[in-house]
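Chain residues, written in single-letter form:
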Amino acid sequence: MIELTRVTKRYGDKAVVDDLSLTVARGAFFVLVGPSGSGKSTTLKMINRLVGIDAGAIAVDGRNVRDMPAEALRRGMGYVIQSIGLFPHWTVADNIATVPRLLRWPEARVRARVAELIALLQLDAAEVARKYPHELSGGQQQRIGVARALAADPGIVLMDEPFGALDPITRDALQGEIARIHAATEKTIVFVTHDMDEALRLGTEIAILDQGRLVQCGSPADILRSPANDFVRTFVGGADFGLRLLGVTRVRDRLRPNGALAGPPVSPDASLKEALSLMIASRRDALPVRDGAGRSLGAVHLADLARA
Ligand SMILES: Nc1ncnc2c1ncn2[C@@H]1O[C@H](COP(=O)(O)OP(=O)(O)OP(=O)(O)O)[C@@H](O)[C@H]1O
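Residues numbered from 1 in each chain as written. Predicted model: local features only at pLDDT ≥ 70, side-chain atom pairs only at ≥ 80, totals over all residues. Heavy atoms only, no water.

Going by an unreviewed UniProt entry, the chain carries the name ABC transporter ATP-binding protein and comes from Chelatococcus albus. A UniProt comment under Sequence similarities (unreviewed entry) is attached to the chain, and it reads "Belongs to the ABC transporter superfamily." (UniProt positions renumbered as here; feature names shortened; annotations may be inferred.)

Spelled out as structure tokens, the structure:
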């Protein structure tokens, strides 16, 4: 668990993080979102002590980070940034192995872990392991950045706009990877973005910042259904508001139990947005809902989506 209690950071006389209190539960995918300059990156860097705090306290699993040696603190937390920061004169394998080697893991264990991570991030070991960062695409480099952050299996991973510079397709794929890794490993992830759709897709909990202050904190559905004020309404709203709302509601919440239909099936765990897309693509106004084992659960109807 990460706990920020009344944390303030000033540059000159400006409080860029202002009396901020947050609790990040163990296993959360906690997204800090807000406009440019709202203090998201500064907040993240205060957690791993790249930036010192002027007032308040930050505790990780009950220990004040100020009382922990900074190097040990950082080795226990993965950190992924937009500009990646791979070491240019080291191979991909050596980059991934950075923290395990600092921790003096035996070389055989390091090599096994590097191979495991290259596979986890869906890269081809034969293709990438011996290459240098400049020989990789931006998307491959960012995957290596994520692999490096996960190498020593830290319980906490801090991610600062990790996919901000990627093209939409690579970005979508990496969002899928990180969601899958989070679900499989139950790590605590603190993720900074200014992209509301990325926050809604990935976050189990979203904190919205404005000018260094916390405006609202809650699940994606809480924030979309009950925005705390006009700032949040504007930030989450806009032309895509209705689609975003469909995106945080599951098919199982609009299921009509009977009426087995023909046509392409949809999972009960799919979002209503995915169901809508499938309805449009298959030119149907209702879809059969089937679970992973192919059992029919009922149907989802176009007419019910507007109640999202
Ligand atoms: N080292 C620094 N010295 C002075 N001011 C700083 C420093 N670092 C950040 N700031 C200021 O603090 C404020 C918050 O910056 P921060 O990078 O945390 O915002 P952000 O929400 O992450 O923004 P972005 O989405 O643009 O990255 C900004 O006004 C920024 O100019």
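A. Structural detail: the nonpolar core. One finds Ile96, Met159 and Ile206 to be the most contacted residues of the largest nonpolar core, which totals 50 residues. Residues within four places of Ile206 in sequence aside, it is in contact with Val31, Val33, Met196, Ala199, Leu200, Gln216, Cys217, Gly218, Pro220 and Ile223. (Core = buried A, V, L, I, M, F, W, Y, C linked by side-chain atoms within 4.5 Å. Buried < 20%, exposed > 50% of the residue type's maximum accessible area, 1.4 Å probe, protein only. Contact = heavy atoms within 4.5 Å.)

B. Structural context of the environment of Pro88. Structurally, Pro88 is set in the loop between β6 (77-81) and α3 (92-96). Look at Pro88 and you get partly exposed, because its relative accessible area is 49%. Residues Pro88 and Leu166, 78 residues apart in the sequence, show an inter-C-alpha distance of 19 Å. Apart from residues no more than four positions distant in its own chain, Pro88 is found in contact with Tyr132 and Pro133. (Helix = DSSP H or I, 4+ residues; strand = E, 2+ residues; numbered from the N terminus.)

C. Molecular detail of the sheet that holds strand β3 (residues 29-33). Read across the open sheet, the 6 strands follow the order β6-β7-β8-β3-β9-β10; overall the sheet is mixed. Looking at which strands have only one partner, the edges of the open sheet turn out to be β6 and β10 (213-218). Averaged over all adjacent pairs, the angle separating strand axes in this sheet is 15 degrees, with direction ignored. Direction of pairing for strand β9 (residues 205-210) relative to β10: antiparallel, over a ladder of 5 bridges. Each bridged residue has a counterpart across the sheet, and for Ala207 the counterpart in β10 is Cys217. Set on the sheet, helix α1 (residues 40-47) makes contact with β3, β6, β7 (156-160), β8 (188-193) and β9; between it and β8 the angle comes to about 150 degrees. (Pairing = 2+ DSSP bridges. Axes fitted to C-alpha atoms, helices over the stretch in contact; angles between N-to-C directions.)

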